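Chain residues, written in single-letter form:
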Amino acid sequence: MHTIVDTARATVLEGGEGLTQDQILEVLTIPDEHLTDLLELAHQVRVAHCGVEVSLEGIISLKTGGCPEDCHFCSQSGLFESPVRAVTLNIDELVEAARQSAKMGASEFCIVAAVKGPTERLLDQVKDAIQAINAEVDISISASLGILTRDQARRLREMGVSRYNHNFETARSFFPNVVTTHTWQERRDTLEYVRAEGMEVCCGGIIGLGESLEQRAEFAAQLADVAPHEVPMNFLDPRPGTPFADRPLVSQGEALRAVAAFRLAMPSAQLRFAGGTELALGDDGTERGLLGGANAIIGGNYLTTAGRPIERDRDAVDRVVFETIKVL
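Residues numbered from 1 in each chain as written. Predicted model: local features only at pLDDT ≥ 70, side-chain atom pairs only at ≥ 80, totals over all residues. Heavy atoms only, no water.

Where an unreviewed UniProt entry is consulted, the protein chain appears under the name Biotin synthase, with the organism given as Corynebacterium mycetoides. You can read under Catalytic activity (unreviewed entry) in the UniProt record for the protein chain the words "(4R,5S)-dethiobiotin + (sulfur carrier)-SH + 2 reduced [2Fe-2S]-[ferredoxin] + 2 S-adenosyl-L-methionine = (sulfur carrier)-H + biotin + 2 5'-deoxyadenosine + 2 L-methionine + 2 oxidized [2Fe-2S]-[ferredoxin]". (UniProt positions renumbered as here; feature names shortened; annotations may be inferred.)

So this is what it looks like as structure tokens:
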């Protein structure tokens with residue numbers, strides 16, 4: 001068996017400690033003949049530190065498009081000639097989306113807005129939306145509204161937001177190649193405010209933006225340093241009109257290595273498949289990833305791209321849980 005698998009077994013599965021950046025790089029470059037062993041170990045780590053359950057989450061955009069930031073992968077930027085146009089949903093639509101998510105077994109519903117940070121008007125809209133959802137649906141509410149001040153973080157917690165998402169997107173060393181209108185440190189500061197105000201931290205990013213494997217290992221190590229409760233794993237889905245429109249897709253093997261590496265870097269985090277999962281892993285690869293370290297998934301469509309029907313995601317989650325319990 002490959003040395004890094006033995007090292008990870010002792011360090012992570014038995015010792016409960018995440019791998020170092022150098023060790024993460026070894027995982028990302030493991031030969032094909034050891035990939036199955038690696039994925040089996042990552043799954044064992046997930047079950048040991050997180051349990052057998054797989055979380056399903058619904059997500060919807062309160063405000064889509066027209067964002068002033070220049071995130072080079074994102075079709076919601078108002079600076080690019082992408083086909084996405086600004087749209088704002090009303091409260092009834094948000095409540096219905098939350099209701100449908102809960103109906104399919106989702107335990108969490110995330111309200112997202114394409115903004116640099118929330119205005120007073122947006123915070124008022126979010127407050128109204130949360131009150132309306134809580135009145136109709138029994139579901140935990142999270143939010144992703146960009147860069148926050150400490151006061152805004154406090155107000156969101158008072159509204160009932162239990163978890164806040166703000167992704168690093170990529171390694172700090174690669175970040176200037178992806179975004180120039182704000183800094184990596186501003187994102188890190190927001191996460192500190194979120195944690196200080198008692199919300200759970202959700203922070204992940206996108207695999208395949210053009211970063212090197214060394215930078216991918218750096219990214220995983222920087223996430224581990226923040227110790228987020230949840231880590232969304234997106235895989236680049238190149239969007240027409242964006243600067244990254246012609247970037248190649250991540251292969252299935254590369255994606256699975258990244259899943260295992262993130263699990264072995266953060267043994268107790270909720271590792272959630274998000275945008276681009278079907279492209280990177282293939283239609284049948286999602287379940288392999290859920291048996292290779294991931295333990296959560298966004299069901300149905302994403303913010304600007306289509307996912308699988310949420311019923312198929314629900315079925316996949318049920319099969320993975322059944323297969324996991326069967327071998328325990």
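Asker: Looking at this structure, I do not really get the packing of aromatic side chains. What am I missing?
Answerer: Aromatic ring pairs are reported here in terms of the distance separating the ring centres and the angle at which the planes meet. Overall, the coordinates contain three aromatic pairs when judged by the stated rule. Arg247 extends its terminal NZ or CZ atom over the ring of Phe244, reaching a point 3.9 Å from the ring centre. (Phe/Tyr/Trp six-rings, centres within 6.5 Å; stacked < 30°, edge-to-face > 60°. Lys NZ or Arg CZ within 6 Å of the ring centre and 35° of its normal.)

Asker: Explanation requested: the layout of surface pockets in the structure shown.
Answerer: To find leftover empty space, a probe the size of one water molecule is rolled over the atoms. Approximately 150 Å³ is the volume found for the second largest pocket. Every residue along the wall of the second largest pocket is listed here: Thr36, Leu39, Glu40, His43, Gln44, Arg288 and Leu291. Top element by residues in the lining of the second largest pocket is helix α3 (residues 35–50). It accounts for five residues. Residue composition of the lining of the second largest pocket, grouped by class: two nonpolar, three polar and two charged. (1 Å grid on protein atoms, 1.4 Å probe; cavity = no way out; pocket = protein on both sides within 12 Å on 5 of 7 lines; lining within 4 Å. Points joined across faces, edges and corners; volume = space filled by probe spheres on them. Helix = DSSP H or I, 4+ residues; strand = E, 2+ residues; numbered from the N terminus. Nonpolar A, V, L, I, M, F, W, Y, C, P; charged D, E, K, R; others polar.)

Asker: I keep staring at the pairing of strand β8 (residues 230–235) and nothing clicks. Help me out?
Answerer: Two faces belong to every sheet, and in a regular strand the side chains alternate between them. With six of its six residues buried, β8 lies for the most part within the structure. Residues of β8 alternate between two faces, with Glu230, Pro232 and Asn234 on one and Val231, Met233 and Phe235 on the opposite face, all of them buried. As defined by bridge partners, strand β7 (residues 205–207) adjoins β8 across three bridges and the pair is classed as parallel. Looking at the pairing, Ile207 lines up with Phe235 of β8. (Buried < 20%, exposed > 50% of the residue type's maximum accessible area, 1.4 Å probe, protein only. Pairing = 2+ DSSP bridges.)

Asker: Looking at this structure, I do not really get the UniProt feature "binding site: [2Fe-2S] cluster" (unreviewed entry) in the protein chain. What am I missing?
Answerer: With numbering matched to this structure, UniProt assigns "binding site: [2Fe-2S] cluster" (unreviewed entry) to Cys110, Ser142, Cys202 and Arg272. Spanning 163 residues, the named residues nonetheless gather at one spot, since no C-alpha pair among them exceeds 14.1 Å. Turning to its location among the elements, Cys110 is positioned in strand β3 (residues 108–113). We classify Cys110 as buried; its relative accessible area is 5%. Leave out the neighbours within four places in its chain, and Cys110 touches Glu57, Gly58, Ile59, Ile60, Ser142, Ala143 and Ser144. Judged by relative accessible area, which is 1%, Arg272 ranks as buried. Excluding residues that lie within four positions of it along the chain, Arg272 makes contacts with Ser55, Leu56, Glu57, Glu108, Arg163, Glu230, Val231, Pro232, Met233, Ala296, Ile297 and Ile298. (Contact = heavy atoms within 4.5 Å.)

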